[in-house]
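Residue-level structural notes
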Amino acid sequence: MKLTIVDNPLIKRDITYLRDKETREYQFRIALSRIAYCLAIEISKTFDIIDREVETPLEVTAGYKLRHQIVLVPVLRAGLSLVNSFIEMIPDAKVGHIGLQRDEETLLPVDYYYKAPKNLDVSKVIILDPMLATGGSASAAATFLKERGAKDIVMACLIASPEGVKKMNNDHPEVPVYTAQLDRELNDQGYILPGLGDAGDRTFGTL
Ligand code: PRP
Ligand code: URA
């Protein structure tokens, strides 16, 4: 299984804030962005670097730069909540957007928007979505990006279900999944248990 669970005491505390139904939007967003920093750092360990000399005020020495363009692709709408933290860590990243909404009855993702930078084929593409539930949205996003040339894709989420991880591994075995938490299961409505409820609604206050 290509699954990495990014875990530390700060993430454990912040996941608890996110789960807590009493947590208000502004606290929810802040806790979420702290976890997103940790995910960005962990995923950055897979980035290739190349040598680049740098001139300090005293002498020339060895330095580095990233080999590949990084493209962040938040899945609208909840994925937007992860973008700022990733951008702060990778300021020269480009950002594409995919609009996918789960049909509440079929639980299948319906696409409504797509815009991404060129040259996906030579970029490292990071799909951002806090929730990997049935995996339908993440899998559809990866398929969409592959059809437009992406070859090197990573999925970053906050909470994953075993079902969602399995679907990603089946549909896109080459796409590593990074999550801060692997939860127990899905309920009949496709919500992750114990989960945190609807990530988009809790982030944007549309409950
Ligand atoms: C949520 C979430 C994911 C999707 C996960 O989005 O942000 O995109 O559900 O579920 P899945 O793995 O079963 O596809 P939602 O459809 O609620 O839209 P929103 O971001 O606009 O709230
Ligand atoms: N989308 C969410 O926002 N939460 C879930 O638990 C499942 C899908």
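In what follows, the structure referred to is the one given above.
Summarised in this report is the structure supplied together with it. In this text the structure is predicted, and so the values were computed from the model without any measurement.

1. Comments concerning the pairing of strand 9 (residues 109-115)
In this sheet, strand 9 lies alongside strand 8 (residues 97-102) in antiparallel orientation, the contact comprising six bridges. Looking across to strand 9, one finds that Leu-100 is bridged to Asp-111. The hairpin formed by strand 8 and strand 9 contains six residues between the paired strands, and Leu-107 there has a positive phi angle of roughly 65°.

2. Some thoughts on the site of ligand 1
Every one of the 15 residues lining ligand 1 counts as a neighbour, but Arg-102, Asp-129, Thr-134, Gly-135 and Ser-137 are closest to it. One of the side-chain N or O atoms of Arg-102 is found 2.8 Å from an oxygen atom in ligand 1. Take Ser-137: an N or O atom from its side chain is 2.6 Å from an oxygen atom of ligand 1. Bound to the protein, ligand 1 loses 94% of the 500 Å² it would expose on its own. Comparing atom positions with the cavity grids shows ligand 1 to sit within the largest pocket. Those elements that provide at least two residues to the shell around ligand 1 are strand 8, strand 11 (131-132) and helix 4 (136-147).

3. Section: the site of ligand 2
If you check the shell around ligand 2, you find Arg-102, Met-131, Ala-133, Gly-190, Tyr-191, Ile-192, Gly-197, Asp-198 and Ala-199 and nothing else. Ile-192 places a main-chain nitrogen or oxygen 2.8 Å from an oxygen atom of ligand 2. A distance of 2.8 Å is found between a nitrogen atom of ligand 2 and a backbone nitrogen or oxygen belonging to Gly-197. Burial of ligand 2 by the protein amounts to 89% of the accessible area it has alone, namely 240 Å². Here the shell around ligand 2 is composed, by residue class, of five nonpolar, two polar and two charged.

4. Describing the nonpolar core
Ranked by internal contacts, the top residues of the largest apolar core, which has 35 residues, are Leu-18, Ile-35, Ile-43, Phe-86, Ile-126, Leu-128 and Leu-158. Within the residue set of this core, elements represented by two or more residues are helix 1 (9-19), helix 2 (25-44), strand 6 (69-76), helix 3 (80-89), strand 10 (123-128), strand 12 (152-160) and strand 13 (177-182). Considering each element in turn, this core owes the most residues, eight residues, to helix 2. Those residues in contact with Leu-158, other than ones at most four positions away along the chain, are Ile-15, Leu-18, Leu-32, Ile-35, Leu-39, Leu-82, Asp-129, Pro-130, Thr-179, Ala-180 and Gln-181.

5. Considering the layout of surface pockets
For the largest pocket, the calculated volume is near 530 Å³. Taken together, 26 residues form the lining of the largest pocket, with Ala-78, Arg-102, Asp-129, Ser-137 and Asp-198 sitting closest to its centre.

Cut-off values and rules
- Residues numbered from 1 in each chain as written.
- Chains lettered and ligands numbered in written order.
- Predicted model: local features only at pLDDT ≥ 70, side-chain atom pairs only at ≥ 80, totals over all residues.
- Heavy atoms only, no water.
- Pairing = 2+ DSSP bridges.
- Helix = DSSP H or I, 4+ residues; strand = E, 2+ residues; numbered from the N terminus.
- Near = heavy atom within 4 Å.
- Polar contact = N/O pair within 3.5 Å; in protein donor to acceptor, adjacent residues only side chain to side chain.
- Areas by Shrake-Rupley, 256 points an atom, 1.4 Å probe, with all protein chains shown as cover.
- 1 Å grid on protein atoms, 1.4 Å probe; cavity = no way out; pocket = protein on both sides within 12 Å on 5 of 7 lines; lining within 4 Å.
- Sits in = over half its atoms within 2 Å of the grid points.
- Nonpolar A, V, L, I, M, F, W, Y, C, P; charged D, E, K, R; others polar.
- Core = buried A, V, L, I, M, F, W, Y, C linked by side-chain atoms within 4.5 Å.
- Buried < 20%, exposed > 50% of the residue type's maximum accessible area, 1.4 Å probe, protein only.
- Contact = heavy atoms within 4.5 Å.
- Points joined across faces, edges and corners; volume = space filled by probe spheres on them.

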